[in-house]
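Chain by chain, the residues:
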Amino acid sequence: MIDGRNVYTPLFAGVNWRLQKVMLEDVERIEVIRGPGGTIWGTNAVNGVINIITKNSKDSRGGLVPREPAA
């Protein structure tokens with residue numbers, strides 16, 4: 001989960017982390033909930049849940065310009 005939103009993809013039967021664009025500088029904390037949590041987090045929470053909490057947008061300063069990949 002990212003900010004409480006499910007990022008599980010049934011196509012991969014998991015989370016494709018390469019598609020998630022979360023920068024380390026934007027992460028406030030990471031919550032790890034161990035054990036089965038199907039009643040709270042849904043049927044895909046068999047062994048546990050990882051929830052990445054990002055910073056509030058007002059706490060972010062500056063900007064980011066993406067680089068073009070080298071050809």
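Residues numbered from 1 in each chain as written. Predicted model: local features only at pLDDT ≥ 70, side-chain atom pairs only at ≥ 80, totals over all residues. Heavy atoms only, no water.

Student: In this structure, what is going on with the overall build of the chain? I would like to understand it.
Tutor: From N to C terminus, the chain includes one helix and two strands. Secondary structure elements of the chain occur, N-terminal to C-terminal, as β-α-β. Look at the contacts in the chain between residues 6 or more apart in sequence, and 49% of them connect residues 24 or more apart. For the chain, the accessible area works out to roughly 6,300 Å², and carbon and sulfur atoms hold 54% of it. (Helix = DSSP H or I, 4+ residues; strand = E, 2+ residues; numbered from the N terminus. Contact = heavy atoms within 4.5 Å. Areas by Shrake-Rupley, 256 points an atom, 1.4 Å probe, with all protein chains shown as cover.)

Student: Is there a simple way to explain a nonpolar patch on the surface in this structure?
Tutor: On the surface, L11, F12 and L19 cluster together into a nonpolar patch covering about 380 Å² of accessible area. Tracing the backbone through its elements, the reader meets L19 in the segment before β1 (27-34). For L19, a relative accessible area of 57% translates into the label exposed. (Patch = residues over 30% accessible without salt bridge, like charges linked within 9 Å, V, L, I, M, F, W, Y side chains within 5 Å. Salt bridge = Lys/Arg side-chain N within 4 Å of Asp/Glu carboxyl O. Buried < 20%, exposed > 50% of the residue type's maximum accessible area, 1.4 Å probe, protein only.)

Student: Help me out: how do you make sense of the pattern of salt bridges in this one?
Tutor: Any two side chains of opposite charge can pair, so long as their charged atoms come close to each other. A full pass over the atoms with the stated rule returns two salt bridges. Residues R29 and E31 are paired through a salt bridge, measuring 3.2 Å at the closest nitrogen-oxygen approach. The partly exposed category is assigned to R29, whose relative accessible area is 40%. Classification of E31 as partly exposed rests on a relative accessible area of 26%. Each of E28, R29 and E31 takes part in one network of salt bridges that share partners.

Student: I would appreciate a short explanation of the side chain of N51 in the present structure.
Tutor: Turning to its location among the elements, N51 is positioned in strand β2 (residues 48-54). Note on N51: relative accessible area 5%, which makes it buried. Residues in contact with N51, not counting those within four places in the same chain, are M1, I2, D3, G4, R29, I30 and E31.

Student: Help me understand the environment of E25 in this model?
Tutor: Within the secondary structure, E25 is located in the segment before β1. Distance in space between the C-alpha atoms of E25 and K55 is 8.7 Å, their sequence separation being 30 residues.

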